[in-house]
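Summary of the model geometry
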Amino acid sequence: MNNTLDTPDERLDHDICVHIFTASAAMVGVCLTVIGIIRMVVSLRHTDVLGDDLLALNAMAYLAACLMSYWALRTRNLGRNHRLERIADVLFLGSLTLTAVNAAFITWAVSSLH
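Residues numbered from 1 in each chain as written. Predicted model: local features only at pLDDT ≥ 70, side-chain atom pairs only at ≥ 80, totals over all residues. Heavy atoms only, no water.

With 35 residues, helix H3 (residues 78–112) extends 50 Å between its outermost C-alpha atoms, agreeing within 8% with the 51 Å of an ideal straight helix rising 1.5 Å per residue. Those residues of H3 that fall on the buried side of the exposure criterion are Asn-81, Leu-84, Glu-85, Ala-88, Phe-92, Ser-95, Asn-102, Ile-106 and Ala-109. Between the side-chain oxygen at the start of H3 and the backbone nitrogen of Gly-79 there is a gap of 2.9 Å, and the oxygen is on Asn-77. (Helix = DSSP H or I, 4+ residues; strand = E, 2+ residues; numbered from the N terminus. Expected span 1.5 Å × (residues − 1). Buried < 20%, exposed > 50% of the residue type's maximum accessible area, 1.4 Å probe, protein only. Polar contact = N/O pair within 3.5 Å; in protein donor to acceptor, adjacent residues only side chain to side chain.)

Now the structure itself:
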């Protein structure tokens, strides 16, 4: 059987990369949805918040993680694969942290508009 993922560690790395790819792609959609909702609230209240800009930055970071994990899935070079997976992992965790910061900021901004 000619399987490119021979060891359990390589299979685990592949699985992590697939999870980063799918979760990052989903989070780009979530960020875009929340940006649309914020823009509606902003236009109704005639105020502006920084949250939509932060979410746009967050969406780009998730997109970068998604692209790195996709590249890692497509590469045949094992060394490059591991480097790309680490980059995708760091980008994803940074994006996840930024999502939590954005949630706190948006909650604060919306509650202070009252």
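What follows continues from the structure just given.
Those residues carrying the UniProt feature "transmembrane region" (unreviewed entry) are residues 20–42, 54–72 and 92–110 in this numbering. In the segment residues 20–42, helix accounts for 100% and strand for 0%; the C-alpha atoms at its two ends are 32 Å apart. With 100% helix and 0% strand, residues 92–110 has end C-alpha atoms that lie 26 Å from one another. (UniProt positions renumbered as here; feature names shortened; annotations may be inferred.)

Here we take up the packing of aromatic side chains. Each aromatic ring pair is described using two quantities: the centre-to-centre distance and the angle formed by the ring planes. All chains considered together, the criterion is met by three aromatic pairs. Look at Phe-105 and Trp-108: their rings are 5.8 Å apart centre to centre, the planes differ by 45 degrees, and that puts the pair in the tilted class. Residue Phe-105 and its partner Trp-108 are both found in helix H3; the two are separated by three residues, about one turn of the helix. (Phe/Tyr/Trp six-rings, centres within 6.5 Å; stacked < 30°, edge-to-face > 60°.)

Relative to the elements of secondary structure, Asn-58 occurs in helix H2 (residues 51–74). The exposure class of Asn-58 is buried, given its relative accessible area of 0%. Aside from chain neighbours lying at most four places away, what touches Asn-58 is Cys-31, Ser-95, Leu-98, Thr-99 and Asn-102. (Contact = heavy atoms within 4.5 Å.)

Pairing of side chains with opposite charge becomes possible as their charged atoms draw close. In the structure shown here, the tally under the stated rule is one salt bridge. Linking Arg-39 and Asp-52 is a salt bridge whose minimum nitrogen-to-oxygen distance equals 2.4 Å. Of this pair, Arg-39 sits in helix H1 (residues 8–45) while Asp-52 sits in helix H2, and the two are 13 residues apart along the sequence. Here Asp-52 falls in the buried class, since its relative accessible area comes to 8%. (Salt bridge = Lys/Arg side-chain N within 4 Å of Asp/Glu carboxyl O.)

For the rest of this paragraph, the subject is H2. It helps to recall that an α-helix has 3.6 residues per turn; residues three or four apart then point in one direction. The end-to-end C-alpha distance of H2 is 34 Å, a good match for the 34 Å that 24 residues give at a rise of 1.5 Å each. Listing the buried residues of H2 in full gives Gly-51, Asp-52, Leu-55, Asn-58, Ala-59, Ala-61, Tyr-62, Ala-65, Cys-66, Ser-69 and Ala-72.

Once that is clear, we can look at the nonpolar core. If you look at the biggest cluster of nonpolar residues, it comprises 15 residues, and the most contacted ones within it are Cys-31, Ile-38, Val-49, Leu-55, Tyr-62 and Phe-92. Listing elements by their share of this core, those giving two or more residues are H1, H2 and H3. A per-element tally of this core places H1 first, with six residues. The residues touching Tyr-62, leaving out its near neighbours within four places in the chain, are Ser-24, Met-27, Val-28, Cys-31, Phe-92, Ser-95, Leu-96 and Thr-99. (Core = buried A, V, L, I, M, F, W, Y, C linked by side-chain atoms within 4.5 Å.)

Relative to the helices and strands, Ala-88 is located in helix H3. For Ala-88, a relative accessible area of 0% corresponds to the buried category. Apart from the residues lying within four places of it in its own chain, the contact partners of Ala-88 are Ile-20, Ala-65, Met-68 and Ser-69.

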